Amino acid sequence: MKIPGSSDIVQSGGAMGASLAGEDGKYGATKEQPRGPGGNPPCPTLFVANLGPTCTEDELREVLSRFRGFKMLKMQTKGGMPVAFVDFEDGKSSGEALKQLQGTWLPSSDRGGLHLEYAKSRMRYPRQDKESAENTIF
């Protein structure tokens, strides 16, 4: 199945363990909300693995930015292979992305589809120093 709006990105058939925030808005596994792939409770931040060695931040951002609530992407190389952390506004948004992208093949994929799971904790954002924060116009 192709990802909407892309001619080169192919999604595999199965989705794994999408869980969302509870009615109280809190994240964590409950009887109604099983843990996601990897065993972590639902979280607005996703961990993305099984990226090809030539995968770029732009390639991954093109796919992820189509999902409601996408906020930020951070890629890093771990043991020679890239991995990424992706933050969304809330657990509902990250859960939808996890569900729809699990197993998706990117053009740079060379070893199978994407593996997504909830991150162990929410992504942190760099603090602005006092001077730049005071000069920020909203």
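Residues numbered from 1 in each chain as written. Predicted model: local features only at pLDDT ≥ 70, side-chain atom pairs only at ≥ 80, totals over all residues. Heavy atoms only, no water.

A. Highlighting the overall build of the chain. Broken down by element type, the chain carries 3 helices and 4 strands. Mapped from its N terminus to its C terminus, the chain presents α and β elements in the order β-α-β-β-α-β-α. The 138 residues of the chain split such that 41% are buried. For the chain, the proportion of contacts with a sequence separation of at least 24, taken over those separated by at least 6, is 65%. (Helix = DSSP H or I, 4+ residues; strand = E, 2+ residues; numbered from the N terminus. Buried < 20%, exposed > 50% of the residue type's maximum accessible area, 1.4 Å probe, protein only. Contact = heavy atoms within 4.5 Å.)

B. Region of the structure containing the sheet that holds strand 3 (residues 81–88). Taken in spatial order, the 4 strands of this open sheet run 2-3-1-4, and their pairing is antiparallel. Across the chains shown, the open sheet's two edge strands, defined by having one partner strand only, are strand 2 (70–78) and strand 4 (115–118). Strand-to-strand, the axes of this sheet are offset by a mean angle of 20°, without reference to chain direction. For strand 1 (residues 45–49) and strand 3, the ladder comprises 4 bridges, and the chain directions are antiparallel. By the bridge assignment for strand 3, Leu46 is matched with Val86. Strands in contact with helix 1 (residues 57–64) are strand 2 and strand 3; relative to strand 2, the strand with the most contacts, it is inclined by about 145°. Set on the sheet, helix 2 (residues 91–101) makes contact with strand 1, strand 3 and strand 4; between it and strand 4 the angle comes to about 155°. (Pairing = 2+ DSSP bridges. Axes fitted to C-alpha atoms, helices over the stretch in contact; angles between N-to-C directions.)

C. Quick look at the nonpolar core. Within the largest apolar cluster, 21 residues are counted, with the highest numbers of intra-cluster contacts made by Leu51 and Leu60. Residue assignment for this core shows that the elements contributing at least two residues are strand 1, helix 1, strand 2, strand 3, helix 2 and strand 4. Discounting chain neighbours no more than four positions away, the residues touching Leu51 are Leu60, Met75, Met81, Pro82, Val83, Ala84, Leu106, Arg111 and Leu114. (Core = buried A, V, L, I, M, F, W, Y, C linked by side-chain atoms within 4.5 Å.)

D. Looking closely at the pattern of salt bridges. One pass over the structure, following the stated rule, counts 6 salt bridges. In this structure, the salt-bridge partner of Arg111 is Asp110, at a minimum N-O distance of 2.6 Å. If you follow the salt bridges from partner to partner, you end up with Glu57, Asp58 and Arg61 in one network. (Salt bridge = Lys/Arg side-chain N within 4 Å of Asp/Glu carboxyl O.)

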